[in-house]
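# Reading the structure
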Amino acid sequence: MLIYEAERSDRREYLYCQRDHNFSFPSHLHHSYEFLSVQAGTLTCTLETNTFEVHPGEALLVLPDQIHSYHTEKSSQSVLWVFSDDWVPEFSIQMGQRMFQNPVFRMEAAPLMELLWPGNNRCKKLAGLYLICGTALEQCSLCPRPQQDADAHLSARIINYVQQNYTGTLTLEQMARELGYNYTYLSAYFNRRLHTGFQDFVNQYRVSHAAMLLQGSSLPITQVAEQCGFGTIRSFNRVFLKEIGMSPSAFRKQNR
(Lines give C-alpha, C1' and ligand atoms only; values in the text may rest on other atoms or scores of the structure.)
Protein backbone atom coordinates (compact mmCIF):
# COMPACT_ATOMS: atom_id res chain seq x y z
CA MET A 1 0.00 0.00 0.00
CA LEU A 2 1.18 3.52 -0.81
CA ILE A 3 -0.35 6.33 1.25
CA TYR A 4 -0.56 10.02 0.38
CA GLU A 5 -0.51 12.15 3.54
CA ALA A 6 -2.44 15.26 2.58
CA GLU A 7 -2.17 16.92 6.00
CA ARG A 8 1.62 16.85 5.72
CA SER A 9 1.47 18.28 2.22
CA ASP A 10 -0.96 21.19 2.30
CA ARG A 11 -0.27 22.98 5.61
CA ARG A 12 2.27 25.79 5.83
CA GLU A 13 4.70 26.04 8.74
CA TYR A 14 3.86 22.45 9.58
CA LEU A 15 5.99 20.91 12.34
CA TYR A 16 5.19 17.55 13.90
CA CYS A 17 7.07 15.26 16.28
CA GLN A 18 6.48 11.72 17.55
CA ARG A 19 8.46 9.21 19.63
CA ASP A 20 8.11 5.53 18.83
CA HIS A 21 8.97 2.05 20.02
CA ASN A 22 9.33 -0.59 17.30
CA PHE A 23 8.25 1.86 14.60
CA SER A 24 6.99 0.47 11.30
CA PHE A 25 4.96 2.31 8.67
CA PRO A 26 4.00 1.41 5.07
CA SER A 27 5.08 3.25 1.93
CA HIS A 28 3.93 6.87 1.88
CA LEU A 29 4.80 10.29 0.55
CA HIS A 30 4.06 13.94 1.25
CA HIS A 31 5.44 17.34 0.28
CA SER A 32 7.36 17.86 3.55
CA TYR A 33 10.80 16.91 4.91
CA GLU A 34 10.95 13.96 7.31
CA PHE A 35 13.77 13.46 9.82
CA LEU A 36 14.17 10.23 11.77
CA SER A 37 16.65 9.66 14.61
CA VAL A 38 17.26 6.24 16.20
CA GLN A 39 18.15 5.93 19.91
CA ALA A 40 18.16 2.13 20.26
CA GLY A 41 17.90 -0.95 18.08
CA THR A 42 17.85 -0.86 14.30
CA LEU A 43 15.27 0.67 11.99
CA THR A 44 15.17 0.04 8.23
CA CYS A 45 14.00 2.69 5.79
CA THR A 46 13.13 1.93 2.18
CA LEU A 47 13.54 5.14 0.18
CA GLU A 48 12.22 4.83 -3.38
CA THR A 49 13.97 1.57 -4.45
CA ASN A 50 16.89 1.65 -1.97
CA THR A 51 17.00 0.33 1.59
CA PHE A 52 19.03 1.87 4.43
CA GLU A 53 19.60 0.75 8.02
CA VAL A 54 19.62 3.40 10.75
CA HIS A 55 21.44 2.53 13.99
CA PRO A 56 21.68 4.25 17.40
CA GLY A 57 23.21 7.70 17.10
CA GLU A 58 22.30 7.88 13.41
CA ALA A 59 19.58 9.77 11.59
CA LEU A 60 18.00 9.98 8.15
CA LEU A 61 16.49 12.87 6.19
CA VAL A 62 13.77 12.21 3.60
CA LEU A 63 13.14 14.90 0.99
CA PRO A 64 9.69 16.10 -0.14
CA ASP A 65 7.88 13.74 -2.53
CA GLN A 66 10.21 10.79 -1.92
CA ILE A 67 8.34 7.50 -1.44
CA HIS A 68 9.50 5.89 1.81
CA SER A 69 8.56 3.30 4.41
CA TYR A 70 9.91 2.11 7.78
CA HIS A 71 10.29 -1.32 9.33
CA THR A 72 11.57 -2.62 12.67
CA GLU A 73 12.61 -6.27 12.55
CA LYS A 74 13.33 -6.82 16.27
CA SER A 75 13.20 -3.64 18.32
CA SER A 76 13.86 0.08 18.00
CA GLN A 77 13.40 3.40 19.75
CA SER A 78 13.19 6.45 17.55
CA VAL A 79 11.99 10.02 17.27
CA LEU A 80 10.58 11.52 14.08
CA TRP A 81 10.02 15.09 12.96
CA VAL A 82 8.09 16.18 9.86
CA PHE A 83 8.39 19.80 8.72
CA SER A 84 7.10 21.68 5.69
CA ASP A 85 9.59 23.10 3.21
CA ASP A 86 8.69 26.72 4.01
CA TRP A 87 10.60 26.39 7.31
CA VAL A 88 13.91 25.91 5.44
CA PRO A 89 13.71 27.77 2.09
CA GLU A 90 17.49 28.33 1.88
CA PHE A 91 18.11 24.60 2.25
CA SER A 92 15.53 23.78 -0.43
CA ILE A 93 17.21 26.23 -2.80
CA GLN A 94 20.64 24.79 -2.06
CA MET A 95 19.43 21.24 -2.71
CA GLY A 96 17.82 22.22 -6.03
CA GLN A 97 17.32 19.14 -8.22
CA ARG A 98 19.67 17.03 -6.08
CA MET A 99 19.21 14.34 -3.47
CA PHE A 100 21.36 12.40 -0.99
CA GLN A 101 23.19 9.33 -2.30
CA ASN A 102 22.89 7.89 1.21
CA PRO A 103 20.57 9.90 3.50
CA VAL A 104 21.91 8.35 6.75
CA PHE A 105 24.24 10.47 8.91
CA ARG A 106 25.48 10.78 12.49
CA MET A 107 23.28 12.96 14.66
CA GLU A 108 21.88 12.66 18.18
CA ALA A 109 18.31 13.70 18.89
CA ALA A 110 18.94 15.16 22.35
CA PRO A 111 20.03 18.69 21.26
CA LEU A 112 17.05 18.87 18.93
CA MET A 113 14.51 18.00 21.61
CA GLU A 114 15.17 21.32 23.36
CA LEU A 115 15.30 23.43 20.21
CA LEU A 116 12.18 21.92 18.64
CA TRP A 117 10.06 21.79 21.79
CA PRO A 118 6.48 22.82 20.77
CA GLY A 119 6.40 25.78 23.16
CA ASN A 120 9.62 27.29 21.88
CA ASN A 121 9.83 30.46 19.86
CA ARG A 122 10.22 30.43 16.09
CA CYS A 123 13.94 31.27 16.19
CA LYS A 124 14.79 28.20 18.25
CA LYS A 125 12.71 26.00 15.96
CA LEU A 126 14.47 27.41 12.90
CA ALA A 127 17.82 26.75 14.57
CA GLY A 128 16.87 23.11 15.16
CA LEU A 129 15.58 22.52 11.64
CA TYR A 130 18.57 24.17 9.98
CA LEU A 131 20.87 22.17 12.29
CA ILE A 132 19.30 19.02 10.83
CA CYS A 133 19.67 20.24 7.26
CA GLY A 134 23.19 21.57 7.72
CA THR A 135 24.40 18.35 9.35
CA ALA A 136 22.93 16.30 6.52
CA LEU A 137 24.65 18.52 3.92
CA GLU A 138 27.92 18.24 5.81
CA GLN A 139 27.95 14.45 5.98
CA CYS A 140 25.96 13.18 2.97
CA SER A 141 27.09 13.20 -0.65
CA LEU A 142 24.71 14.68 -3.20
CA CYS A 143 23.72 13.36 -6.60
CA PRO A 144 21.28 14.53 -9.31
CA ARG A 145 17.66 13.81 -8.49
CA PRO A 146 15.70 12.19 -11.34
CA GLN A 147 13.91 14.93 -13.21
CA GLN A 148 10.36 15.34 -12.01
CA ASP A 149 7.46 15.29 -14.41
CA ALA A 150 5.71 18.43 -15.56
CA ASP A 151 3.24 17.79 -12.76
CA ALA A 152 5.61 17.27 -9.83
CA HIS A 153 2.76 16.10 -7.62
CA LEU A 154 1.28 13.49 -9.95
CA SER A 155 2.15 10.61 -7.60
CA ALA A 156 0.25 12.32 -4.80
CA ARG A 157 -2.74 12.92 -7.09
CA ILE A 158 -2.78 9.26 -8.14
CA ILE A 159 -2.57 7.96 -4.58
CA ASN A 160 -5.21 10.40 -3.38
CA TYR A 161 -7.50 9.35 -6.23
CA VAL A 162 -7.14 5.65 -5.35
CA GLN A 163 -7.73 6.37 -1.65
CA GLN A 164 -11.00 8.10 -2.51
CA ASN A 165 -12.24 5.59 -5.11
CA TYR A 166 -10.84 2.13 -4.26
CA THR A 167 -14.17 0.86 -2.89
CA GLY A 168 -15.84 1.08 -6.30
CA THR A 169 -15.05 0.17 -9.89
CA LEU A 170 -11.68 1.69 -10.75
CA THR A 171 -9.99 1.59 -14.15
CA LEU A 172 -6.89 3.24 -15.57
CA GLU A 173 -8.99 4.74 -18.38
CA GLN A 174 -11.28 6.37 -15.81
CA MET A 175 -8.37 7.70 -13.75
CA ALA A 176 -6.56 9.06 -16.81
CA ARG A 177 -9.70 10.87 -17.95
CA GLU A 178 -10.47 12.42 -14.56
CA LEU A 179 -6.87 13.46 -13.88
CA GLY A 180 -6.49 14.82 -17.40
CA TYR A 181 -3.67 12.55 -18.58
CA ASN A 182 -3.07 10.33 -21.59
CA TYR A 183 -3.78 6.65 -20.84
CA THR A 184 -0.43 5.43 -22.24
CA TYR A 185 1.54 8.07 -20.34
CA LEU A 186 -0.19 7.24 -17.05
CA SER A 187 0.36 3.50 -17.52
CA ALA A 188 4.08 4.07 -18.08
CA TYR A 189 4.21 6.45 -15.10
CA PHE A 190 2.99 3.71 -12.75
CA ASN A 191 5.84 1.43 -13.74
CA ARG A 192 8.49 4.14 -13.80
CA ARG A 193 7.60 6.13 -10.66
CA LEU A 194 5.49 3.82 -8.49
CA HIS A 195 7.35 0.66 -9.52
CA THR A 196 4.21 -1.39 -10.16
CA GLY A 197 1.35 -1.68 -12.63
CA PHE A 198 -1.97 0.10 -12.14
CA GLN A 199 -4.02 -2.99 -11.27
CA ASP A 200 -1.41 -4.36 -8.87
CA PHE A 201 -1.26 -0.95 -7.18
CA VAL A 202 -5.03 -0.84 -6.69
CA ASN A 203 -5.15 -4.47 -5.51
CA GLN A 204 -2.39 -3.87 -2.96
CA TYR A 205 -4.30 -0.92 -1.58
CA ARG A 206 -7.55 -2.90 -1.39
CA VAL A 207 -5.90 -5.90 0.26
CA SER A 208 -4.18 -3.74 2.89
CA HIS A 209 -7.56 -2.31 3.93
CA ALA A 210 -9.14 -5.75 3.82
CA ALA A 211 -6.44 -7.04 6.16
CA MET A 212 -7.22 -4.26 8.65
CA LEU A 213 -10.93 -5.09 8.54
CA LEU A 214 -10.26 -8.81 8.97
CA GLN A 215 -8.15 -8.06 12.03
CA GLY A 216 -10.22 -5.30 13.59
CA SER A 217 -13.83 -6.22 12.86
CA SER A 218 -16.21 -9.18 12.83
CA LEU A 219 -17.61 -8.36 9.38
CA PRO A 220 -18.29 -11.43 7.20
CA ILE A 221 -15.55 -12.01 4.65
CA THR A 222 -18.00 -11.39 1.81
CA GLN A 223 -18.78 -7.96 3.26
CA VAL A 224 -15.08 -7.17 3.70
CA ALA A 225 -14.54 -8.02 0.03
CA GLU A 226 -17.42 -5.78 -1.03
CA GLN A 227 -16.31 -2.83 1.11
CA CYS A 228 -12.79 -3.03 -0.35
CA GLY A 229 -13.92 -2.89 -3.97
CA PHE A 230 -13.79 -6.56 -5.00
CA GLY A 231 -16.58 -7.56 -7.35
CA THR A 232 -16.67 -11.23 -6.33
CA ILE A 233 -15.50 -13.29 -3.37
CA ARG A 234 -13.53 -15.42 -5.82
CA SER A 235 -11.44 -12.48 -7.04
CA PHE A 236 -10.96 -11.32 -3.44
CA ASN A 237 -9.65 -14.72 -2.35
CA ARG A 238 -7.33 -14.94 -5.36
CA VAL A 239 -5.83 -11.45 -4.94
CA PHE A 240 -5.56 -11.76 -1.15
CA LEU A 241 -3.70 -15.06 -1.48
CA LYS A 242 -1.32 -13.51 -4.01
CA GLU A 243 -0.52 -10.46 -1.85
CA ILE A 244 -0.55 -11.96 1.66
CA GLY A 245 0.31 -15.59 1.01
CA MET A 246 -2.77 -17.07 2.68
CA SER A 247 -6.54 -16.97 2.32
CA PRO A 248 -8.62 -14.27 4.06
CA SER A 249 -10.12 -16.82 6.45
CA ALA A 250 -6.68 -18.18 7.39
CA PHE A 251 -5.37 -14.63 7.88
CA ARG A 252 -8.29 -13.75 10.19
CA LYS A 253 -7.79 -16.93 12.23
CA GLN A 254 -4.06 -16.29 12.60
CA ASN A 255 -4.45 -12.63 13.59
CA ARG A 256 -7.34 -12.85 16.00
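Each value, and the rule that gives it
Residues numbered from 1 in each chain as written. Predicted model: local features only at pLDDT ≥ 70, side-chain atom pairs only at ≥ 80, totals over all residues. Heavy atoms only, no water. Buried < 20%, exposed > 50% of the residue type's maximum accessible area, 1.4 Å probe, protein only. Helix = DSSP H or I, 4+ residues; strand = E, 2+ residues; numbered from the N terminus. Arc of directions from axis to C-beta. Contact = heavy atoms within 4.5 Å. Polar contact = N/O pair within 3.5 Å; in protein donor to acceptor, adjacent residues only side chain to side chain. Pairing = 2+ DSSP bridges. Axes fitted to C-alpha atoms, helices over the stretch in contact; angles between N-to-C directions. Parallel < 35°, antiparallel > 145°, perpendicular 65-115°, else oblique. Nonpolar A, V, L, I, M, F, W, Y, C, P; charged D, E, K, R; others polar. Salt bridge = Lys/Arg side-chain N within 4 Å of Asp/Glu carboxyl O. Phe/Tyr/Trp six-rings, centres within 6.5 Å; stacked < 30°, edge-to-face > 60°.

## Some thoughts on helix H7 (residues 183–193)
Among the residues making up H7, those that are buried are Leu 186, Tyr 189, Phe 190 and Arg 193. Along the long axis of H7, the arc covered by the buried residues comes to 105°, so they all point the same way. Elements in contact with the buried residues of H7: helix H5 (154–165), helix H6 (172–179) and helix H8 (198–216). Here H7 starts with a cap whose side-chain oxygen sits 2.8 Å from the backbone nitrogen of Thr 184, and that cap is Asn 182. One or two positions beyond H7, positive phi appears at His 195, with a value near 60°.

## Considering the sheet that holds strand E1 (residues 2–4)
Sheet architecture is open: five strands sit in the order E1-E3-E8-E5-E6, paired in mixed fashion. If you trace the sheet from one side to the other, it starts and ends with E1 and strand E6 (50–54), each paired once. Taking the axes of each pair of neighbouring strands and ignoring which way they run, one obtains an average angle of 25° across the sheet. Note: strand E3 (residues 25–29) against strand E8 (residues 68–71), two bridges, orientation antiparallel. Paired with His 28 across the strands is His 68, a residue of E8. Together, E1 and E3 form the strand contacts of H5, whose direction differs from that of E1 by roughly 100°.

## Some thoughts on the sheet that holds strand E9 (residues 76–83)
In spatial order, the strands read E2-E9-E4-E7-E11; together these five strands make up an open sheet with antiparallel pairing. The sheet is open, and its two borders are formed by strand E2 (15–21) and strand E11 (104–106), each paired with just one other strand. Each neighbouring strand pair of the sheet contributes to a mean axis angle of 20°, computed without reference to strand direction. Pairing geometry for strand E7 (residues 58–62) and E11, over three bridges, is antiparallel. Across the sheet, Glu 58 pairs through a bridge with Arg 106, a residue of E11.

## Observations concerning the packing of H8 against helix H10 (residues 233–244)
Relative to each other, H8 and H10 sit at 90°, their axes nearing to 10 Å. Accordingly, the angle class assigned to the pair H8 and H10 is roughly perpendicular. Between H8, through Asp 200, Asn 203, Gln 204, Val 207, Ala 210, Ala 211 and Leu 214, and H10, the contact on the second element is made entirely by Phe 236, Val 239, Phe 240, Lys 242, Glu 243 and Ile 244. In terms of residue class, the contact of H8 with H10 is built from eight nonpolar, two polar and three charged.

## Some thoughts on the pattern of salt bridges
The final tally for this structure, using the stated rule, is five salt bridges. Taking the shortest distance from any N to any O, the salt bridge between Arg 12 and Asp 86 comes out at 3.8 Å. Of this pair, Arg 12 sits in the loop between helix H1 (7–10) and E2 while Asp 86 sits in the loop between E9 and helix H2 (89–95), and the two are 74 residues apart along the sequence. Residue Asp 86 is classed as partly exposed on the basis of its relative accessible area, which comes to 25%. Through salt bridges that share partners, Arg 12, Asp 85 and Asp 86 make up one connected network.

## Let's talk about the packing of aromatic side chains
Under the counting rule described, the total for this entry stands at 14 aromatic pairs. Ring geometry for Tyr 33 against Phe 83: centres 5.4 Å apart, planes inclined by 20°, an arrangement best described as stacked. With a gap of 50 residues between them, Tyr 33 in strand E4 (residues 33–41) and Phe 83 in strand E9 connect regions that are remote in the sequence. Relative accessible area serves as the criterion here: at 4%, Tyr 33 is assigned to the buried category. Ring centres of Phe 190 and Phe 201 lie 5.6 Å apart, and the angle between their planes is 65°; this geometry places the pair in the edge-to-face category. Note that Phe 190 is positioned in helix H7 and Phe 201 in helix H8, a separation of 11 residues in sequence. Look at Phe 190 and you get buried, because its relative accessible area is 0%. Phe 201 sits in the buried class, given a relative accessible area of 4%.

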